[in-house]
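Here is what each chain is made of, one letter per residue.
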Amino acid sequence: MSKDRLKEFFKKIHDSKNNIPLYLSILIRPGKNILDFKIKKEGSNILRIIAHDEKQKGWFLHSYHIPIKNLGLTEDAKNKEILTYLSEPYKITGNKATKDLVDDILRKYIEILPEKKKHYFVTKRFKKKKEIQMGMKMKGF
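Conventions we followed
Residues numbered from 1 in each chain as written. Predicted model: local features only at pLDDT ≥ 70, side-chain atom pairs only at ≥ 80, totals over all residues. Heavy atoms only, no water. pLDDT = per-residue confidence, 0-100. Helix = DSSP H or I, 4+ residues; strand = E, 2+ residues; numbered from the N terminus. Pairing = 2+ DSSP bridges. Axes fitted to C-alpha atoms, helices over the stretch in contact; angles between N-to-C directions. Contact = heavy atoms within 4.5 Å. Buried < 20%, exposed > 50% of the residue type's maximum accessible area, 1.4 Å probe, protein only. Arc of directions from axis to C-beta. Phe/Tyr/Trp six-rings, centres within 6.5 Å; stacked < 30°, edge-to-face > 60°. Lys NZ or Arg CZ within 6 Å of the ring centre and 35° of its normal.

Asker: Hey, could you run me through the confidence of the model for the chain in this one?
Answerer: Low-pLDDT portions of the prediction should not be read for the details of their coordinates. Residues of the chain with pLDDT of at least 70 account for 88%, and the chain-wide mean is 85. Taken element by element, the chain is modelled with least confidence in helix α1 (residues 2-14), mean pLDDT 85, and with most confidence in strand β4 (residues 59-67), mean pLDDT 93.

As structure tokens, this is what we get:
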């Protein structure tokens with residue numbers, strides 16, 4: 001049920017016949033049996049999808065959808081061109097929110113890799129990288 005709705009959403013975003021600006025999708029964690037999903041709009045028309053899986057407790061981050069215009073590219077840009085901007089976020093000059101988001105994704109999920117479909121990308125890992133804290137912690141009284 002929800003998996004069909006999610007496929008329909010992807011079709012609307014990546015269809016060139018719609019008036020919606022063309023998006024690129026970065027899948028964080030695909031999920032197999034998605035029961036429900038929520039679309040949250042962030043700054044600069046960036047969409048974040050959180051999903052609920054049948055076997056897992058709670059909600060998890062499914063994907064980010066970024067308009068290609070935020071990267072400063074045309075809508076007919078190839079995956080290789082887009083990947084250079086996603087792997088090196090300092091090249092993104094026009095939009096600070098997009099630059100910060102891509103930098104955050106790279107820091108948490110290590111690397112963004114191309115998918116076989118046009119304008120689809122996946123992260124190298126789907127769990128957040130734990131940040132190591134250095135130094136001693138004081139015990140509570």
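Asker: Help me out: how do you make sense of the sheet that holds strand β6 (residues 120-123) in this one?
Answerer: The pairing of strands in a sheet happens through backbone hydrogen bonds and is either parallel or antiparallel. Pairing within the open sheet is mixed, and its six strands lie in the order β2-β3-β4-β1-β6-β5. The open sheet is flanked by β2 (34-41) and β5 (112-114), the only strands paired with a single partner. Neighbouring strand axes in the sheet, compared pairwise and without regard to direction, differ in orientation by 30 degrees on average. Here β2 runs beside strand β3 (residues 47-53); their pairing, made up of seven bridges, is antiparallel. Looking at β3, one finds that Ile-34 is bridged to Asp-53. In the packing of α1 onto the sheet, the strands contacted are β1 (23-27), β2, β3, β4 and β6, and the crossing angle to β2 comes to about 35 degrees. Along the sheet, helix α2 (residues 79-87) contacts β1, β5 and β6; its crossing angle with β6, the most-contacted strand, is approximately 35 degrees.

Asker: Help me understand α2 in this model?
Answerer: Because the α-helix completes a turn every 3.6 residues, residues three or four places apart line up on one side. Along α2, the residues that are buried comprise Asn-79, Ile-82 and Leu-86. The buried residues of α2 occupy an angular sector of 65 degrees when projected down its axis, which confines them to one face. Along its buried surface, α2 packs onto β1, α3 (96-109), β5 and β6.

Asker: Teacher, can you tell me more about the packing of aromatic side chains here?
Answerer: Ring pairs (aromatic) are described by centroid distance and by the angle formed between their planes. One pass over the structure, following the stated rule, counts two aromatic pairs. Aromatic pair Phe-10 and Tyr-120: ring centres 5.9 Å apart, planes at 45 degrees, arrangement tilted. Of this pair, Phe-10 sits in helix α1 while Tyr-120 sits in strand β6, and the two are 110 residues apart along the sequence. Residues Phe-10 and Tyr-120 agree in their burial class; the two are buried. Put simply, the rings of Phe-9, Phe-10 and Tyr-120 touch in pairs and so form one group of aromatic residues. The cationic tip of Lys-38 hangs over the ring face of Trp-59; the distance from NZ or CZ to the ring centre is 4.6 Å. The aromatic ring of Tyr-120 is capped on one face by Lys-117, whose charged end is 5.2 Å from the ring centroid.

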